[in-house]
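Residue-level structural notes
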Amino acid sequence: MQTNLLSKETSAKSTHMSDKINHPQLCQWLDSVAHSRDKQAFTHLFQFFAPKILRIARGKFPNEAQANEVVQDTMSNVWRKAHLFNKDKGAATTWVYTVMRNVTFDMLRKIQGNKEDNLSDDIWPVAESMSCETEGFDDHLADKNLLSVIENLPQAQQDVVKGFYLREMSQEQLAVHLNLPLGTVKSRLRLALGKLKVQLGEKHD
Amino acid sequence: MINNHPKFELIQAFVNGDLPASLSAGIAIHADMCVECQKTIAQFTEQVAENSFEEEFLDRFIVDDNDALESIAAIDFDHMINAIVDSSDIDVVVPTIEKNISFNDETYIIPTALNSMELGKHAHIGKLTRTRIQLNENEIHTSLLHIQPGGGVPEHTHKGFELTVLLAGSFHDESGEYVKGDFIMLDGSHQHNPVSTNGCLCYTVASAPLHFTKGINKLLNPIGSFIY
């Protein structure tokens, strides 16, 4: 049922999309990795992407071990960052391409003896790929303020608030990630929000 | 309004990850302020990604490449998958904390693309202040260049290329007025004399010292190395 929804959104996205890649399927696998750390779905993603990444990397790195490292690093970033993929912002292929290009870029810089400084994610953000950030500008100060208030919460509540608002994980994802019952996540979030309201309310009113 | 944009060839190289960090950051900074280029980049990225991961595209160069095929077969993918999914870590996005930089009592926000780059100390000549960005790209030098109101750079040409991305304020030369967000790429065929009436802050990438061209200004050629 969800598949229909997905394919509608994805196929309407752009003229560049071909039928040769099953985009809705890729999105669904990424989604399963993000939401339920689904190893089977990851294996499917791996089987689809890894051989292609390896081939592309072989073109950029003469050294076999380095090409393998690109595959390993790209795919493990996919595993660890799947929750940052936003299907409304673009195709799964575009997102994985960004992850791969960034891994490659940082590795080339390292190999060429420039520096080991991992600049790629600042140049090509993986979280919100090329989105217009201008509207966020005014909020940075408020964010900093908010962050300092969050830092004062008990650790257990901090984890939930940060996961939910900063990493934009769902309550279900958080429950899996923190290994807690869903009810506990919900009640911690409620408690934390109550405290935040009191603290921020004082300053905002 | 922004009137100067990167050429499409540059955007292509940017998306492919083929440009040095200095130029990549220059394009990212420009795109952050330019909706038009943002769109071009997004579309081109999507297209490149699609091509990269299309089976048929790959088939085309699989032919004649038996060595590569064999080495792919030799890699233990199952082992790699297991090693990856063994880890329960997920990457936390730390909200980027804005970095500031001050020139002559004015504070500017450093563009996000430069967030992890190391900045050198300020160096001054007249109304110009330069801070080197430490990218270690050999003959390519990257800097933040601040020009105080009324300041400018005497008429010069560029031996290599010189990229200027205007981060704040404005300046003008023989070709016109430049504003915040403008992406100005010049090479040896250009000669200009930029002046900033109200002051400005630029991100600059140069591949060779500037070369001053006019009369007494030739004495300034050491300054060319300062700005480079």
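Heads up: these notes are all about the structure in this document. Residue numbering note: each chain is counted from 1, following its sequence as written. Written order determines the labels here, with chains lettered from A and ligands numbered from 1. For a predicted model such as this one, the threshold for reporting local features is a pLDDT of at least 70, and the threshold for listing and counting side-chain atom pairs is 80 or more; totals across whole chains, interfaces and linings nevertheless cover every residue. With hydrogens and water excluded, all non-hydrogen atoms of the structure serve as input to the side-chain values.

Turning our attention to the interface of chain A and chain B. We call two residues in contact when some of their heavy atoms are within 4.5 Å. With 64 residues of chain A at the interface, the matching set in chain B holds 62 residues. Between chain A and chain B lies a buried interface of about 5,700 Å² when both sides are counted; carbon and sulfur atoms form 63% of it. Whenever Lys or Arg places a side-chain nitrogen within 4 Å of a carboxyl oxygen from Asp or Glu, that contact is recorded as a salt bridge. Counting across the chain A and chain B interface gives four salt bridges. Of the charged contacts, one joins lysine 81 of chain A and aspartate 91 of chain B as a salt bridge, the two residues approaching to 3.1 Å between their closest N and O atoms. In the analysis that follows, any N or O atom pair within 3.5 Å is treated as a polar contact, provided that within protein one partner can donate a hydrogen and the other can accept it, and provided that, for residues neighboring in sequence, both atoms belong to side chains. Applying the counting criterion to the chain A and chain B interface returns 13 residue pairs in polar contact (both at pLDDT 80 or more). At the level of elements, α3 (39–60), α4 (64–81), α5 (92–111), α6 (120–123) and α7 (139–151) of chain A are the ones that each hand at least two residues to the side of chain A that touches chain B. Strands here mean DSSP runs of E at least two residues long; helices mean DSSP runs of H or I at least four residues long; both are numbered from the N terminus. The element best represented in the side of chain A that touches chain B is α3 of chain A, accounting for 15 residues. Buried surface area refers to the total accessible area, computed with a probe of radius 1.4 Å, that the two partners give up upon joining, counted for both partners together.

Once that is clear, we can look at the packing of aromatic side chains. Only Phe, Tyr and Trp rings are paired, with Trp represented by its six-membered ring, and only when their centres lie within 6.5 Å; those with planes under 30 degrees apart are stacked, over 60 edge-to-face, the remainder tilted. Within this structure, the stated rule accounts for 11 aromatic pairs over all chains. Relative to phenylalanine 14 of chain B, the ring of tryptophan 124 of chain A has its centre 5.2 Å away and its plane inclined at 35°; by these criteria the two rings are tilted. Separated into two different chains, tryptophan 124 of chain A in the loop between α6 and α7 and phenylalanine 14 of chain B in helix α1 (residues 8–16) make up a pair that spans both. For tryptophan 124 of chain A, a relative accessible area of 3% puts it in the buried group. Three labels apply to residues, based on accessible area from a 1.4 Å probe with only protein chains included: buried if under 20% of the type maximum, exposed if over 50%, partly exposed otherwise in between. Taking the relative accessible area as the measure of exposure, phenylalanine 14 of chain B reaches 0% and is therefore buried. Arranged with centres 5.0 Å apart and planes meeting at 45°, the rings of phenylalanine 171 of chain B and tyrosine 178 of chain B form a pair that is tilted.

What the rule picks out here adds up to six salt bridges over all chains. Notably, a salt bridge pairs arginine 109 of chain A with aspartate 117 of chain A, separated by 2.8 Å at the nearest N-O pair. Take arginine 109 of chain A: its relative accessible area is 3%, and that puts it in the buried class. Among the residues examined, aspartate 117 of chain A registers a relative accessible area of 18% and is labelled buried. For arginine 109 of chain A, the salt bridge identified is with glutamate 137 of chain B, shortest N-O distance 3.5 Å. Of this pair, arginine 109 of chain A sits in helix α5 while glutamate 137 of chain B sits in strand β4 (residues 128–137), each in a different chain. For the pair formed by arginine 109 of chain A and glutamate 137 of chain B, the shared burial category is buried. In this structure, a network of salt bridges that share partners links the residues Arg80, Lys81 and Asp121 of chain A together with Asp91 of chain B.

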